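Here is how the chains run, residue by residue.
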Amino acid sequence: MTIFAMSVFDATVIYDGKELFKGQGAASGWAEKLAKEIESRVTVEKIGTGWALVGRVDGVDCRWGIMGQRLKRLD
């Protein structure tokens, strides 16, 4: 199963219309999982009141949040 098919049951917040992780710890845990999936470094970034995942895929900077209990690219 890919990381994108796993349900995200961590607490979330809505900031600027985007659903983000509520806590840095939860975001960091998912960043580790995502890094293994895409075989690239993934970190977390504070956006307003929440946390997003940040990484690079195929030379493109990407940020991920949550949509419908799944990871989703924000950009």
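Rules used throughout
- Chains are numbered independently. Their residues run from 1 in the order of the written sequence.
- Whole-chain, interface and lining totals are the exception, using all residues; otherwise, since this is a predicted model, local features are given only for residues with pLDDT of at least 70 and side-chain atom pairs are given and counted only at 80 or more.
- The side-chain figures draw on all heavy atoms in the structure; neither hydrogens nor water molecules are used.
- For salt bridges, the criterion is a side-chain nitrogen of Lys or Arg within 4 Å of an Asp or Glu carboxyl oxygen.
- Each helix corresponds to a stretch of at least 4 residues labelled H or I by DSSP, and each strand to a stretch of at least 2 residues labelled E; elements are numbered beginning at the N terminus.
- Only protein chains enter the accessibility calculation, which uses a 1.4 Å probe; a residue is then buried when its area is under 20% of its type maximum, exposed when over 50%, and partly exposed in between.
- Note: pLDDT gives the predictor's confidence per residue, expressed from 0 to 100.
- By convention a nonpolar core is built from buried Ala, Val, Leu, Ile, Met, Phe, Trp, Tyr and Cys residues, the set being connected through side-chain atoms within 4.5 Å.
- Pairs of residues are marked as contacts when any of their non-hydrogen atoms sit within 4.5 Å.

S.K.: Can you walk me through the pattern of salt bridges in this structure?
M.R.: Pairing between side chains of opposite charge can happen when their charged atoms approach one another. The full count for this structure, using the stated rule, is two salt bridges. One salt bridge in this structure joins glutamate 45 and arginine 63, with 3.4 Å as the shortest N-O distance. A residue pair is termed long-range when its members are at least 10 positions apart, and glutamate 45 in strand 3 (residues 42–47) and arginine 63 in strand 5 (residues 60–67) qualify at 18 residues. The class of arginine 63 is partly exposed, set by a relative accessible area of 26%. The closest approach of N and O atoms between aspartate 61 and arginine 56, which form a salt bridge, is 2.4 Å. Since its relative accessible area comes to 54%, aspartate 61 is described here as exposed.

S.K.: Sorry if this is basic, but what is going on with the confidence of the model for the protein chain here?
M.R.: Atomic detail in the predicted coordinates should be set aside for any region of low pLDDT. Per-residue pLDDT for the protein chain has a mean of 94; in total, 99% of the residues score no lower than 70. Within the protein chain, strand 3 carries the highest mean pLDDT (98), whereas strand 6 (residues 70–73) carries the lowest (94).

S.K.: What is the right way to look at the nonpolar core in this model?
M.R.: One broad trend across soluble globular proteins is that nonpolar side chains are buried collectively. Counting residues in hydrophobic clusters, the biggest one holds 15 residues, and the most contacted among them are Val8, Phe21, Trp30, Leu34, Val42, Leu53 and Leu71. Among the secondary structure elements, those contributing two or more residues to this core are helix 1 (24–38), strand 4 (50–57) and strand 5. No other element matches helix 1, which puts five residues into this core. With residues up to four places along the chain from it excluded, the contact list for tryptophan 30 reads Ile3, Met6, Ser7, Val8, Asp10, Phe21, Leu53 and Leu71.

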